[in-house]
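# Structure at a glance
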Amino acid sequence: SQQGEEDPQALSIQEGENATMNCSYKTSINNLQWYRQNSGRGLVHLILIRSNEREKHSGRLRVTLDTSKKSSSLLITASRAADTASYFCATATMDSNYQLIWGAGTKLIIKP
Amino acid sequence: EAGVVQSPRYKIIEKKQPVAFWCNPISGHNTLYWYRQNLGQGPELLIRYENEEAVDDSQLPKDRFSAERLKGVDSTLKIQPAELGDSAVYLCASRSRESSYNEQFFGPGTRLTVL
């Protein structure tokens, strides 16, 4: 079953613009993670935010978490063509830290 | 450090034929996952191993799917017989025992096409 729902399903922006993707989930979580998947490749871990954190940065990535709304957002600043990929959120629930529950992903296209 | 290795990368078979996928996780990672990913969707867990023990196989269609990780290192996922609906990307991931937050490392996947 999929807990996370990403929004939007697809996003196309110009290079240099910022890209924001959102993720909503249903149950209480231990942490939430964002992954990137380039076409035809496996998923790559980008960033993890714990349930007691509200914001986290890593390079051009900024992740926020609102546990009251059960939602997270991923912001990619100053987008590059190489950021073109699908982005997935995954949650580790409170009762099982060994299993990740995945959303359907946001397909991001950066136009040069 | 080598990443998660999967083979083959692509496989095309006719329905009712058997197929097998192989995965070698990152050295020292005791947890291994097999996922299935349909086009435009996120991964769906098929089975999780802790060392050689399958601890979560509730989503594995056991009538046609089987998996093994005999020595707790590499793993094989088999489908016999394959059906048209099995066409998907099969992903393997591993996790370190020392990981507190379940960060998973993925292989490139095997894209299966059943004709």
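In this text, all values refer to a predicted model and were calculated from it rather than measured experimentally. (Residues numbered from 1 in each chain as written. Chains lettered and ligands numbered in written order. Predicted model: local features only at pLDDT ≥ 70, side-chain atom pairs only at ≥ 80, totals over all residues. Heavy atoms only, no water.)

## Observations concerning the overall build of chain A
Selection rule: In this text, helices come from DSSP runs of H or I with a minimum length of four residues, and strands from runs of E with a minimum of two, each type numbered from the N-terminal end. Here, two residues are considered to be in contact whenever any of their heavy atoms come within 4.5 Å of each other. The method behind every accessible area is Shrake-Rupley, applied with a 1.4 Å probe, and residues are considered shielded solely by the protein chains displayed. Only four residue types enter the charge count: Lys and Arg as positive, Asp and Glu as negative, with His and the chain ends excluded. To locate a charge, take NZ of a lysine, CZ of an arginine, CG of an aspartate or CD of a glutamate.
When helices and strands are counted, chain A shows zero helices and eleven strands. For chain A, the C-alpha atoms occupy an extent of roughly 45 × 30 × 20 Å along the three principal directions. Counted over contacts in chain A with a minimum sequence separation of 6, partners at least 24 positions apart contribute 56%. Carbon and sulfur atoms form 45% of the exposed surface of chain A, whose accessible area is close to 5,300 Å². For chain A, the centre of its 13 positive side-chain charges and the centre of its 10 negative side-chain charges are spaced 3 Å apart.

## Details of unusual backbone geometry
Negative phi is the rule for most residues except glycine; trans is the rule for most peptide bonds. Residue P8 of chain A is reached from D7 of chain A by a cis peptide bond, and omega for that bond is 0 degrees. Within the secondary structure layout, P8 of chain A lies in the loop between β1 (5-7) and β2 (10-14). The step from S7 of chain B to P8 of chain B runs through a cis peptide bond, and the omega angle for that step is -10 degrees. By secondary structure assignment, the location of P8 of chain B is in the loop between β1 (5-7) and β2 (10-13). A positive phi is found at K70 of chain A, a non-glycine position, where the angle reads about 50 degrees.

Note that every value here comes from positions in space, so none of it alone points to a role or purpose.
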